[in-house]
Amino acid sequence: MRLILLGPPGVGKGTQAKLLSNYFSIPTISTGDVLREAVKNQTSLGIQAKVKMDAGELVSDELVNHIVDEYIQTIDIAKGFILDGYPRNVMQAEYLEKALANLGAEINFVLDYQLDEGTLIKRLSGRRTCSNTNEILNIYYSPKEKIESCIKNGGELIQRDDDHEETIRNRLVVYRSETLPVSNYYLSNGKLIAVFSEKDVHSVFESTLKSLSR
Ligand code: AMP
């Protein structure tokens, strides 16, 4: 199963990608995670990407296409994979189609997660990572005990650099102008499946599996 997870920032693509990856026993790549790791390690990729990421803009197609190109050469294409956060514009979608065609493969389904903008902003602005456990928490939605236990055990609640309100708004603007057209790209070739993400993680996962089996 070769899947793309589309949708605005904060919709929960990363969480669903992990669940789907376990369920289907296929690997997943998040271009955002790869870029954040590169920034942390101050590699040349990270140094080139950081300014754009901090501003909530897209990193150049050349850089992200290269990441995905390298990735698909290393995995078992026939078995499948999940792409989270790529493609983010139509150029990347076209590039991916060619890269896969060269390997005799194509995308099977594109899951397009959707959620209202108010909830997205709350999810993103409240998102924190516990520095001890790396668990992703939310100051608005996570149980109080979880937040307190992170701090009690000496952990810090770390906010992603691009999860500050102004950057979030820009990421949503970029999503609307650059990434929404990608949904139409896949809609026109019959691969797009819309999934509504307002419920809890497990209900959204159930809806995802149901949509895939239709
Ligand atoms: P994400 O974790 O998917 O929200 O990505 C975080 C940031 O990484 C984005 O705001 C972009 O700056 C950059 N990024 C991730 N994936 C891509 C992509 N496919 N194309 C361009 N930039 C990307």
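The shown structure was predicted, so the numbers you read here are calculated from the model rather than taken from an experiment. (Residues numbered from 1 in each chain as written. Predicted model: local features only at pLDDT ≥ 70, side-chain atom pairs only at ≥ 80, totals over all residues. Heavy atoms only, no water.)

Turning next to the packing of aromatic side chains. Under the defined criterion, the tally for this structure stands at 3 aromatic pairs. Centre to centre, the rings of Tyr23 and Phe205 are 5.8 Å apart; their planes meet at 80°, and the pair counts as edge-to-face. Here Phe205 lies in helix H9 (residues 201–213) and Tyr23 lies in helix H1 (residues 13–24), a separation of 182 residues in the sequence. By relative accessible area, which is 51% here, Tyr23 ends up exposed. With a centroid separation of 5.0 Å and an interplanar angle of 90°, the aromatic rings of Tyr185 and Tyr186 are classed as edge-to-face. Three or more aromatic residues joined by ring pairs make a cluster, and in this case those are Tyr23, Phe24 and Phe205. (Phe/Tyr/Trp six-rings, centres within 6.5 Å; stacked < 30°, edge-to-face > 60°. Helix = DSSP H or I, 4+ residues; strand = E, 2+ residues; numbered from the N terminus. Buried < 20%, exposed > 50% of the residue type's maximum accessible area, 1.4 Å probe, protein only.)

Another aspect to go through is the sheet that holds strand S1 (residues 2–6). In spatial order, the strands read S2-S3-S1-S4-S8; together these 5 strands make up an open sheet with parallel pairing. Each edge of the sheet is formed by a strand with only one pairing partner; in this case those strands are strand S2 (28–30) and strand S8 (192–196). The mean inter-strand angle of the sheet, taken between neighbouring strand axes irrespective of direction, is 20°. Note: strand S4 (residues 109–114) against S8, 5 bridges, orientation parallel. Looking at S8, one finds that Tyr113 is bridged to Val195. (Pairing = 2+ DSSP bridges. Axes fitted to C-alpha atoms, helices over the stretch in contact; angles between N-to-C directions.)

It is worth spelling out the packing of H1 against H9 at this point. The N-to-C vectors of H1 and H9 enclose an angle of 55°; their axes lie 10 Å apart at closest approach. In terms of orientation, H1 and H9 fall into the oblique class. Pair H1 / H9 crosses with right-handed handedness. Where H1 approaches H9, its residues Thr15, Gln16, Leu19, Leu20, Tyr23 and Phe24 are matched on the opposing element by Val201, Val204, Phe205, Thr208, Leu209 and Leu212. Split by residue class, the contact of H1 with H9 holds 9 nonpolar, 3 polar and no charged. (Parallel < 35°, antiparallel > 145°, perpendicular 65-115°, else oblique. Left-handed = near helix turned anticlockwise from the far one by under 90°. Contact = heavy atoms within 4.5 Å. Nonpolar A, V, L, I, M, F, W, Y, C, P; charged D, E, K, R; others polar.)

In the vicinity of the ligand lie 16 residues, with Thr31, Arg36, Glu57, Gly85 and Gln92 positioned nearest. A distance of 2.8 Å is found between a nitrogen atom of the ligand and a side-chain nitrogen or oxygen belonging to Thr31. Measuring from an oxygen atom of the ligand, one finds a backbone N or O atom of Glu57 at 2.6 Å. Expressed as a share of its isolated accessible area of 480 Å², the protein-covered part of the ligand is 95%. Top element by residues in the shell around the ligand is helix H2 (residues 31–40). It accounts for 4 residues. (Near = heavy atom within 4 Å. Polar contact = N/O pair within 3.5 Å; in protein donor to acceptor, adjacent residues only side chain to side chain. Areas by Shrake-Rupley, 256 points an atom, 1.4 Å probe, with all protein chains shown as cover.)

A few words on the environment of Ile72. Locating Ile72 in the fold gives a position in helix H4 (residues 61–74). Between the C-alpha atoms of Ile72 and Ala99, which are 27 residues apart in sequence, the distance is 8.6 Å.

What follows covers the pattern of salt bridges. This structure, assessed with the given rule, holds 12 salt bridges. Between Arg127 and Asp163 there is a salt bridge, with the nearest N and O atoms lying 2.8 Å from each other. Here Asp163 lies in the loop between strand S7 (157–158) and helix H8 (165–188) and Arg127 lies in strand S5 (residues 127–130), a separation of 36 residues in the sequence. By relative accessible area, Arg127 is classed as buried at 19%. Using a relative accessible area of 1% as the deciding quantity, one classes Asp163 as buried. Salt-bridge contacts for Asp162 lead to Arg160; the nearest nitrogen and oxygen are separated by 2.9 Å. A single network of salt bridges, built from pairs that share partners, joins Arg127, Arg160, Asp162, Asp163 and Arg171. (Salt bridge = Lys/Arg side-chain N within 4 Å of Asp/Glu carboxyl O.)

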